[in-house]
Amino acid sequence: MKYLILFFSIGIITTNLKAQIKKGNFSFEAHYGLTGNFFVQSYDETSSIGILNDANFFKKNFIGSNLQINTGYYFNKKWKLSLAYTRQENKRDVNFIKAYPNYILNINTTIRHFNNFWDLELTRYYEKKKNRLGISLGASYMRFRQNEIDILIGGRAINIEERDAKRFKLVDLDAVLGCTYDYKIQPKVYVGVATKFHYNITADIAESVSLSPYVHFYF
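Keep in mind that what you see is a predicted model, and the values were worked out from it rather than measured.

Calculation notes
- Residues numbered from 1 in each chain as written.
- Predicted model: local features only at pLDDT ≥ 70, side-chain atom pairs only at ≥ 80, totals over all residues.
- Heavy atoms only, no water.
- Core = buried A, V, L, I, M, F, W, Y, C linked by side-chain atoms within 4.5 Å.
- Buried < 20%, exposed > 50% of the residue type's maximum accessible area, 1.4 Å probe, protein only.
- Helix = DSSP H or I, 4+ residues; strand = E, 2+ residues; numbered from the N terminus.
- Contact = heavy atoms within 4.5 Å.
- Phe/Tyr/Trp six-rings, centres within 6.5 Å; stacked < 30°, edge-to-face > 60°.
- Lys NZ or Arg CZ within 6 Å of the ring centre and 35° of its normal.

**Q** Break down the nonpolar core for me, with residues and values.
**A** Formed by Ala 55, Phe 57, Val 94, Phe 96, Tyr 100, Leu 105, Ile 107, Ile 111, Ile 149 and Ile 151, the largest nonpolar core amounts to 10 residues. Breaking this core down by element, the ones donating at least two residues are β2 (53-57), β4 (79-100), β5 (103-128) and β6 (131-152). If we ignore the near neighbours within four places in the chain, the residues touching Ala 55 are Ile 49, Phe 96, Ile 149, Asp 150 and Ile 151.

**Q** So, the environment of Leu 120: which residues are in play, and what are the values?
**A** Secondary-structure assignment places Leu 120 in strand β5. Setting aside its immediate chain neighbours within four residues, Leu 120 contacts Leu 81, Ser 82, Leu 137, Gly 138 and Ala 139.

**Q** So what's going on with the packing of aromatic side chains? Residues and values would help.
**A** Any two aromatic rings considered together are summarised by their centre-to-centre distance and by the angle between their planes. Taken as a whole and assessed by the stated rule, the structure comprises 17 aromatic pairs. Here Phe 28 and Phe 217 contribute two aromatic rings whose centre-to-centre distance is 5.8 Å and whose plane-to-plane angle is 55 degrees, an arrangement assigned as tilted. Taken as a pair, Phe 28 in strand β1 (residues 26-37) and Phe 217 in strand β10 (residues 205-218) lie far apart in primary sequence, 189 residues in all. Between Tyr 85 and Trp 118, the ring centres sit 5.2 Å apart and the planes meet at 50 degrees, which makes this aromatic pair tilted. Of this pair, Tyr 85 sits in strand β4 while Trp 118 sits in strand β5, and the two are 33 residues apart along the sequence. For Trp 118, a relative accessible area of 36% translates into the label partly exposed. An aromatic cluster of at least three residues, connected via ring pairs, comprises Phe 26, Phe 28, Tyr 73, Phe 75, Phe 217 and Phe 219. Its end group placed over the ring of Tyr 125, Arg 132 keeps NZ or CZ at 4.0 Å from the ring centre. Positioned over the ring face of Tyr 190 is Arg 132, at 3.9 Å from the centre of the ring.

As structure tokens, then:
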């Protein structure tokens, strides 16, 4: 909710400042919407249950939140180079209770997966009157953080772990493909919707896809 409030606040501020901004080569965008994360659904939680573990909790919900801030430089009306920061969050509620010989294990929590992308993109715009279609291609540096829970058979050990880029080197390189469609509501302000696909080159897997409304202005 705080990200949604931030998104609309930026849109309101942008509209109020439109009369003070002169047309130029630089742009700013704020996005907030949904992501679908393929990676968080790729775990096999059943492979060791009954052999090594009583339970594994690695997967998160496919649908999560997507926040992006984008700054760009226009070479002309058709081409823009931009740097974007994207934060994606996928989570899952875990409710596990089991009686063991000497105790009862009760885990009631939420596990999360965070993707942090730094995207460098080149965008080609196709503009007609007040409508624009943009196609982007680029590369991304990704750092991620994830929660995992596994319970050894018989409850002999319980592992609750948060793995991140700093301690576990969870860093990858992605390829990025994006598409935007927006409409000019003021001389220097657009509103639109964007979709972006991240492909993890390091792991050779599809990482995530997002769909977000956004506000864009240039100065």
